[in-house]
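Descriptive analysis of the structure
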Amino acid sequence: MTAMATRKRRAINAPKPRTPHTLDPAAPEAEFRRWSPEEVVALQLLPYRSARSVKEKCYRRELHHHRDGGRITFTADDLRRNNAAAAVEALTA
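Residues numbered from 1 in each chain as written. Predicted model: local features only at pLDDT ≥ 70, side-chain atom pairs only at ≥ 80, totals over all residues. Heavy atoms only, no water.

With respect to the nonpolar core
A general tendency of soluble globular proteins is for nonpolar side chains to be buried together. Of all hydrophobic cores here, the largest spans 14 residues; its most connected members are W35, V40, L46, V54, C58, F74 and L79. Elements with a contribution of two residues or more to this core: helix 2 (37-42), helix 3 (51-59) and helix 4 (76-85). It is helix 3 that provides the largest number of residues to this core, a total of 3 residues. Apart from residues lying up to four places away in sequence, V54 is in contact with P37, V41, Y48, L63 and F74. (Core = buried A, V, L, I, M, F, W, Y, C linked by side-chain atoms within 4.5 Å. Buried < 20%, exposed > 50% of the residue type's maximum accessible area, 1.4 Å probe, protein only. Helix = DSSP H or I, 4+ residues; strand = E, 2+ residues; numbered from the N terminus. Contact = heavy atoms within 4.5 Å.)

Looking at helix 4
Of all the residues in helix 4, the buried ones are A76, D78, L79 and N82. Along the long axis of helix 4, the arc covered by the buried residues comes to 160°, so they all point the same way. In helix 4, the exposed positions angled more than 90 degrees off the buried face are occupied by A84 and A85. Of the surrounding elements, those touching the buried residues of helix 4 are helix 2, strand 1 (66-68) and strand 2 (71-73). (Arc of directions from axis to C-beta.)

So, the pattern of salt bridges
Throughout the structure, instances matching the rule amount to 7 salt bridges. With a shortest N-O distance of 2.5 Å, R80 and E31 are connected by a salt bridge. Of this pair, R80 sits in helix 4 while E31 is found in the loop between helix 1 (3-6) and helix 2, placing the two residues 49 residues apart along the sequence. Classification of E31 as partly exposed rests on a relative accessible area of 40%. Overlapping salt bridges, with partners in common, bring together K57, R60 and E62 in one network. (Salt bridge = Lys/Arg side-chain N within 4 Å of Asp/Glu carboxyl O.)

Structure follows, in structure tokens:
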């Protein structure tokens, strides 16, 4: 038999594989969600352009984050704290 004959076929009406669900950090359910550095950069939740720069800032303890099993993750509270720390206030009132 040829490779074409032994290959499994996908059913015509079979559902497509689901993409990972990403929540808005402002949503109430987001309090329980953890974001990876790659997701933080892709969703532009912090002002960095690469996951590597986010990881390096975490290694130097410059960003609030969690170390879940040795992996860097961010909660909604971590993202809020990082954005508040980077905020610039006006000098005039």
